[in-house]
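Topology and contacts: notes
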Amino acid sequence: MLSPVETDRARYFLTDLLDDFIGVTERSEGLGIAARLLEQATDFRLRTSGHWTGQGKWLIRSLETIHPVEAGRLVEAFEAYFRSDEKQAVIGLLEQWLAESGGRYFDGFSIGK
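One structure accompanies this document, and this report is about it. Computed from a predicted model, the values in this text were never measured in an experiment. (Residues numbered from 1 in each chain as written. Predicted model: local features only at pLDDT ≥ 70, side-chain atom pairs only at ≥ 80, totals over all residues. Heavy atoms only, no water.)

Let's shift gears to unusual backbone geometry. The phi dihedral of Asp85 falls on the positive side, at around 60°, and the residue is not glycine. Residue class for Asp85 comes out partly exposed when judged on its relative accessible area of 40%. (Buried < 20%, exposed > 50% of the residue type's maximum accessible area, 1.4 Å probe, protein only.)

Now the structure itself:
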């Protein structure tokens, strides 16, 4: 389980990456952002749910174990983006996950101050 400080930090970085994804217009840049977003968002969901995370194939397998419906939604959402540049399903799912942990986070966040 993440501490409140760790949760805020994870929310901040996921919010930042999601905003980059929303605003990207170049396909090549979008692919790179989406790949990072898939990993970071899945890690966020697992860790904020109090579960171990994984890498590669184990990341999605771990999510399937605890949230099979959400794992399916995640895969479908990213497939829609990778196949036809449709972002809305990714955005909607990740905004839901962020909302369940306190919402998007920028204001008041700092590192090392």
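So, next bit.
Under the definition given, this model contains seven salt bridges. Here Arg47 and Asp43 are joined by a salt bridge, their closest N and O atoms 3.9 Å apart. Remark: Asp43 and Arg47 occur in helix H2 (residues 27–48); sequence separation between them is four residues, near one turn of the helix. For Arg47, a relative accessible area of 34% translates into the label partly exposed. (Salt bridge = Lys/Arg side-chain N within 4 Å of Asp/Glu carboxyl O. Helix = DSSP H or I, 4+ residues; strand = E, 2+ residues; numbered from the N terminus.)

With that out of the way, let us pick up the packing of helix H1 (residues 4–23) against H2. Here H1 crosses H2 at 155°, and the two axes come no closer than 10 Å. Classed by the angle they form, the pair H1 and H2 counts as roughly antiparallel. In terms of crossing hand, the pair formed by H1 and H2 is left-handed. Contacts from Thr7, Ala10, Arg11, Phe13, Leu14, Leu17, Leu18, Asp20 and Phe21 in H1 reach Ile33, Ala34, Arg36, Leu37, Gln40, Ala41, Phe44 and Thr48 in H2. Among the residues making up the contact of H1 with H2, the classes are represented as 11 nonpolar, three polar and three charged. (Axes fitted to C-alpha atoms, helices over the stretch in contact; angles between N-to-C directions. Parallel < 35°, antiparallel > 145°, perpendicular 65-115°, else oblique. Left-handed = near helix turned anticlockwise from the far one by under 90°. Contact = heavy atoms within 4.5 Å. Nonpolar A, V, L, I, M, F, W, Y, C, P; charged D, E, K, R; others polar.)

Inside soluble globular proteins, nonpolar side chains tend to come together where they are buried. Residues Leu18, Phe21, Leu37, Val90, Leu94 and Trp97 are the most contacted members of the largest nonpolar core, which totals 24 residues. Elements with a contribution of two residues or more to this core: H1, H2, helix H3 (57–66), helix H4 (68–84) and helix H5 (88–100). Dropping the residues within four chain positions of it, Leu18 is found in contact with Leu37, Ile91, Leu94, Glu95, Leu98 and Arg104. (Core = buried A, V, L, I, M, F, W, Y, C linked by side-chain atoms within 4.5 Å.)

To continue, consider H5. Here H5 contains 13 residues, and its C-alpha end-to-end distance of 18 Å stays within 8% of the 18 Å for a straight helix at 1.5 Å per residue. Buried positions along H5 lie against H1, H2, H3 and H4. Downstream of H5 by one or two residues, Gly102 has phi in the positive range, about 115°. (Expected span 1.5 Å × (residues − 1).)

Applying the stated criterion across every chain, the model contains four aromatic pairs. Relative to Tyr81, the ring of Phe21 lies with its centre 4.9 Å away and its plane at 70°, an arrangement referred to as edge-to-face. Separated by 60 residues along the polypeptide, Phe21 in helix H1 and Tyr81 in helix H4 bring together distant segments of the chain. Phe21 sits in the buried class, given a relative accessible area of 0%. Residue Tyr81 is classed as buried on the basis of its relative accessible area, which comes to 2%. (Phe/Tyr/Trp six-rings, centres within 6.5 Å; stacked < 30°, edge-to-face > 60°.)

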